[in-house]
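Remarks on the overall topology
The lines below spell out each chain.
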Amino acid sequence: MLGYRHSRMAEPSRRRHWFLAAALLATACLAPTLPLPPPADPKVSALDASGSVHLQGRVPAESWVYALNRQTDLGYLQITDSTGIYDLEVKAQVGDKVVLWYTLHGDQSEPLDITIR
């Protein structure tokens, strides 16, 4: 009678290979990711009569763009479309420090510091 013979000798070796593969995958997931590059310097409009400036620029498509005015502690957010173009209206005064950054698929860019003039 012909049939399949199961070898117990191969079983520990097979388990060891699966364990090693799982361990490699687990450590790969724990490796830190590098931050995204900061956004390019935006075009900053002059302060308007209402005390706002526009920060305009481009980031990777479908990113979330954030600006935080450090003096007022007010934050601003815009989600870009496939063009990656943003236009944030930020309440500010001359001399205010604004931090600009974006996120893409859960990864955060390095921040860009801007002084309103």
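Please read these numbers as outputs of a predicted model, since none were measured by experiment.

**Concerning a nonpolar patch on the surface**
- Nonpolar side chains collect at one region of the surface, where Trp64, Leu77 and Ile79 lie side by side and expose about 300 Å² of accessible area between them.
- In this structure, Ile79 sits in strand β4 (residues 74-79).

**Here's the deal with the nonpolar core**
- With 18 residues, the main nonpolar core has Leu55, Ala67, Leu88, Val90 and Leu100 as its most contacted residues.
- Contributing elements (two or more residues each) for this core: β2 (52-58), β3 (64-69), β5 (85-91), β6 (97-104) and β8 (112-115).
- No other element matches β6, which puts four residues into this core.
- In contact with Ala67, other than residues within four places in its own chain, are Leu55, Leu74, Gly75, Tyr76, Leu88, Val90, Val98, Val99 and Leu100.

Calculation criteria
Residues numbered from 1 in each chain as written. Predicted model: local features only at pLDDT ≥ 70, side-chain atom pairs only at ≥ 80, totals over all residues. Heavy atoms only, no water. Patch = residues over 30% accessible without salt bridge, like charges linked within 9 Å, V, L, I, M, F, W, Y side chains within 5 Å. Areas by Shrake-Rupley, 256 points an atom, 1.4 Å probe, with all protein chains shown as cover. Salt bridge = Lys/Arg side-chain N within 4 Å of Asp/Glu carboxyl O. Helix = DSSP H or I, 4+ residues; strand = E, 2+ residues; numbered from the N terminus. Core = buried A, V, L, I, M, F, W, Y, C linked by side-chain atoms within 4.5 Å. Buried < 20%, exposed > 50% of the residue type's maximum accessible area, 1.4 Å probe, protein only. Contact = heavy atoms within 4.5 Å.

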